[in-house]
Amino acid sequence: MKNSLVSLTKTEKRVKLVPPDGGWGWMILLGTGLSNIFNQSMLSLFSLLYGDALEAMGHRTAGAAIVMNTMLCVSNCSGPFAGVLVKLTSPRFVCVTGSIICTVGIFLSGFSTNIIHLVITYGILLGAGLGFIQNASFVAINSYFKLKKSIAVGIAMTGTGIGQTLMPHVVRYLLDSYGFRGACLLLSAMSLHGICGTLLIQPVEWHMKKIEEEVVVDEKVNLLEESKKNDELNNTAQRATSPIVNDDGKQKLVPDFHSHRDLKSLGDSKSNGHLNGTSKSPQNTKSGLRKLYELFDISLLKNPRFLNVIIGTALTSISLQNFSMLYPLFLQNAAGMNKQETANCMSAVAFADIIGRLSIPQLQAKFNISARMTLIITCIWVFIVRQILAYQTDIYVILVLSSMYGIGRSMVIVARNITISEQCQVEQVASAVGLGMLSMGLLTPPIGYFLGWVRDFTEDYIACISAQNAILILFLIMWIPDMLHQYYQKKKEKVDETEMT
């Protein structure tokens, strides 16, 4: 027996299923990009498309902020529900549903006659649709890509950049040719292309890649486990019959039902094995609140670092989204540009955004920079560029600064969900992204309305842009100390490991 327990090691080949890191994943990127061109680009088109309609309704920047921030709030608060739907159905179902809701919202917004109609159509309907698409599409991409995740997310979100480059010119042409209502109806027709794109999303299980890997097998462990299992089976089998004495003084063996339950428990540890064949699963005793707790993965909120991450990413997104809403108004009212020049500057931002989404993830992967560090660096870049931009009126200077801003903005958007996904397990990604969106949805209305109030109260675009930059400073104050603490903690662990060896 002792000789059989000698530590013998050998290797054996095993087949392992891994994400394809490509393959059909590239088609998913194409479909997601197509959806983003006509749906996600609506975020930056709000002021250009609805600005004159809001003025005709008697509302200024604060009114625009109400509609825009309602849309952002609904979009982000729908994230957790989208995450649950992804778990219960599939990413494709949720994305297609979101695309349909977006189309309906854009279509109905063309019939708006007051701000309440815009809040319902653009704010609630379009917001819910975008929230569904954003969460589910990221989950789909995350399941297909492991090593090339940053590059894949950048490519998929390039569709948003393409939409933001082309759509301002399309919107301007539609407004001049068909008016506000006609433009909304035609844009809703274009939004139908998003449904075709999201239909390309397929379950990753259909396309998993098989790889062979050599695994070191410890024979000693296997022999010990088999010996222990055999002993348990033998002991239980011996107890399976109990001797009793007959009337003639002889013994006979009868079944021991308790021991039969022991034998059954060895085969299925989850079964309670009653004599009548019924069993009661422990999961059935969970309360409704407990099921919701697990379904939404609320346990993630117990981690202080995860809370810091989702609040920080929410602040960066709110700052960028409010600048996107304000930027066309700044160009027309403060810099004195016409609609054509405004569309050119917005296209410069979007074109640089595309370049950034395609190139910066490559540099990030090459130099092995974490998504969280990338987010800090690009937010500092955005802060500096926007503060300089606020004082400019020359078209050429603004075009250059718009391009610089677009490059920085691209990586803030790409790195946001990747940063959140790095703080959890793979099966928790949908819920983690949803909770990140929820934090943004809860913070968007008060912060967004405050930024709109600053503009109307001061009647100064520089003050409003400075207030938006102050949000980025708050983000840096929250993240940099935690990043330093994490860095020194890892450094200390390495020193301790070195000393132990």
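Residues numbered from 1 in each chain as written. Predicted model: local features only at pLDDT ≥ 70, side-chain atom pairs only at ≥ 80, totals over all residues. Heavy atoms only, no water.

S.K.: Just to check I follow, could you spell out the packing of helix α5 (residues 91-109) against helix α6 (residues 115-144) for this structure?
M.R.: When two helices pack together, their arrangement is captured by the angle between the axes and the distance separating the axes. Close contact between α5 and α6 brings their axes to 7 Å; oriented N to C, the two are set at 160°. One finds that α5 runs roughly antiparallel with respect to α6. The interaxial crossing formed by α5 with α6 has left-handed handedness. (Axes fitted to C-alpha atoms, helices over the stretch in contact; angles between N-to-C directions. Helix = DSSP H or I, 4+ residues; strand = E, 2+ residues; numbered from the N terminus. Parallel < 35°, antiparallel > 145°, perpendicular 65-115°, else oblique. Left-handed = near helix turned anticlockwise from the far one by under 90°.)

S.K.: I keep staring at the nonpolar core and nothing clicks. Help me out?
M.R.: Nonpolar side chains in soluble globular proteins tend to be buried together. Ile141, Tyr327, Ile398 and Phe475 are the most contacted members of the largest nonpolar core, which totals 79 residues. It is helix α13 (residues 304-334) that provides the largest number of residues to this core, a total of 13 residues. Setting aside its immediate chain neighbours within four residues, Phe475 contacts Gly312, Leu315, Thr316, Leu375, Ile376 and Cys379. (Core = buried A, V, L, I, M, F, W, Y, C linked by side-chain atoms within 4.5 Å. Buried < 20%, exposed > 50% of the residue type's maximum accessible area, 1.4 Å probe, protein only. Contact = heavy atoms within 4.5 Å.)

S.K.: Can you walk me through unusual backbone geometry in this structure?
M.R.: Leaving glycine out, the prevailing phi sign among residues is negative, and the prevailing peptide bond configuration is trans. Residues other than glycine seldom take positive phi values, yet Asn368 does so here, at roughly 55°. A positive phi angle is found at Glu459, which is not glycine, with a value near 50°. Looking at where Glu459 falls in the secondary structure, it is placed in the loop between α17 (429-458) and α18 (461-500). Glu459 sits in the exposed class, given a relative accessible area of 55%.

S.K.: Which parts of the structure should I look at to understand the packing of aromatic side chains?
M.R.: Working definition: an aromatic ring pair is given by the centre-to-centre distance plus the angle between the planes. A complete count under the given rule lists 14 aromatic pairs for this structure. Taking 6.4 Å as the distance between ring centres and 15° as the angle between the ring planes, the aromatic pair formed by Tyr327 and Phe330 counts as stacked. Here Phe330 and Tyr327 lie together in helix α13, a separation of 3 residues that amounts to about one turn. For Tyr327, a relative accessible area of 5% corresponds to the buried category. Given a relative accessible area of 2%, Phe330 falls into the buried group. (Phe/Tyr/Trp six-rings, centres within 6.5 Å; stacked < 30°, edge-to-face > 60°.)

S.K.: How should the state of the cysteines be read in this particular structure?
M.R.: Two cysteines form a disulfide when their sulfur atoms are joined by a covalent bond. Counted under the stated rule, the structure contains 0 disulfides. Sulfur of Cys77: no disulfide; nearest cysteine sulfur belongs to Cys73 and is 3.9 Å away. (Disulfide = S-S within 2.5 Å.)

S.K.: Even after reading the chapter, I still don't get α5, so can you show me in this structure?
M.R.: Count 3.6 residues to each turn of an α-helix, and residues three or four apart come out pointing the same way. Taking 1.5 Å of rise per residue, the 19 residues of α5 would be expected to cover 27 Å, and the 27 Å separating its terminal C-alpha atoms lies within 8% of that figure. Among all positions of α5, only Val94, Cys95, Val96, Gly98, Ser99, Cys102, Thr103, Gly105, Ile106 and Ser109 are buried. Check the buried side of α5 and you find it contacts α1 (25-38), α2 (46-56), α4 (79-88), α6, α8 (158-191) and α9 (193-198). (Expected span 1.5 Å × (residues − 1).)

S.K.: Is there a simple way to explain the packing of α2 against α13 in this structure?
M.R.: In the contact formed by α2 and α13, the axes pass within 8 Å of each other and the chain directions differ by 65°. With respect to α13, the element α2 is oriented roughly perpendicular. Viewed along their axes, α2 and α13 form a crossing whose handedness is right-handed. Together, Phe46, Ser47 and Leu48 of α2 and Met325, Pro328, Leu329 and Gln332 of α13 make up the contact between the two elements.

S.K.: I keep staring at a nonpolar patch on the surface and nothing clicks. Help me out?
M.R.: The grouping of Ile66, Tyr449, Phe450, Trp453 and Phe457 at the surface amounts to a nonpolar patch, some 560 Å² of accessible area in total. Here Trp453 shows up in helix α17. (Patch = residues over 30% accessible without salt bridge, like charges linked within 9 Å, V, L, I, M, F, W, Y side chains within 5 Å. Areas by Shrake-Rupley, 256 points an atom, 1.4 Å probe, with all protein chains shown as cover. Salt bridge = Lys/Arg side-chain N within 4 Å of Asp/Glu carboxyl O.)

S.K.: What exactly am I supposed to notice about the environment of Val94 here?
M.R.: Within the fold, Val94 resides in helix α5. Separated by 11 residues in sequence, Val94 and Gly83 place their C-alpha atoms 9.0 Å apart. Apart from residues lying up to four places away in sequence, Val94 is in contact with Ala82, Leu85, Val86, Thr89, Phe132 and Ala136.

S.K.: Please clarify how the pattern of salt bridges should be interpreted in this entry.
M.R.: Oppositely charged side chains may form a pair once their charged atoms are brought near each other. Scanning the entire structure with this criterion turns up 5 salt bridges. Close ionic contact of Asp353 with Arg357 constitutes a salt bridge, the shortest N to O distance being 2.1 Å. Separated by 4 residues within a single helix, Asp353 and Arg357 lie in helix α14 (residues 339-366), roughly one turn from each other. For the pair Asp353 and Arg357, a shared accessibility class is recorded, and that class is buried. The salt bridge partner of Arg409 is Asp353, with a shortest N-O separation of 3.0 Å. Taken together, the positions of Arg409 in helix α16 (residues 395-421) and Asp353 in helix α14 put the pair 56 residues apart, joining distant regions of the chain.

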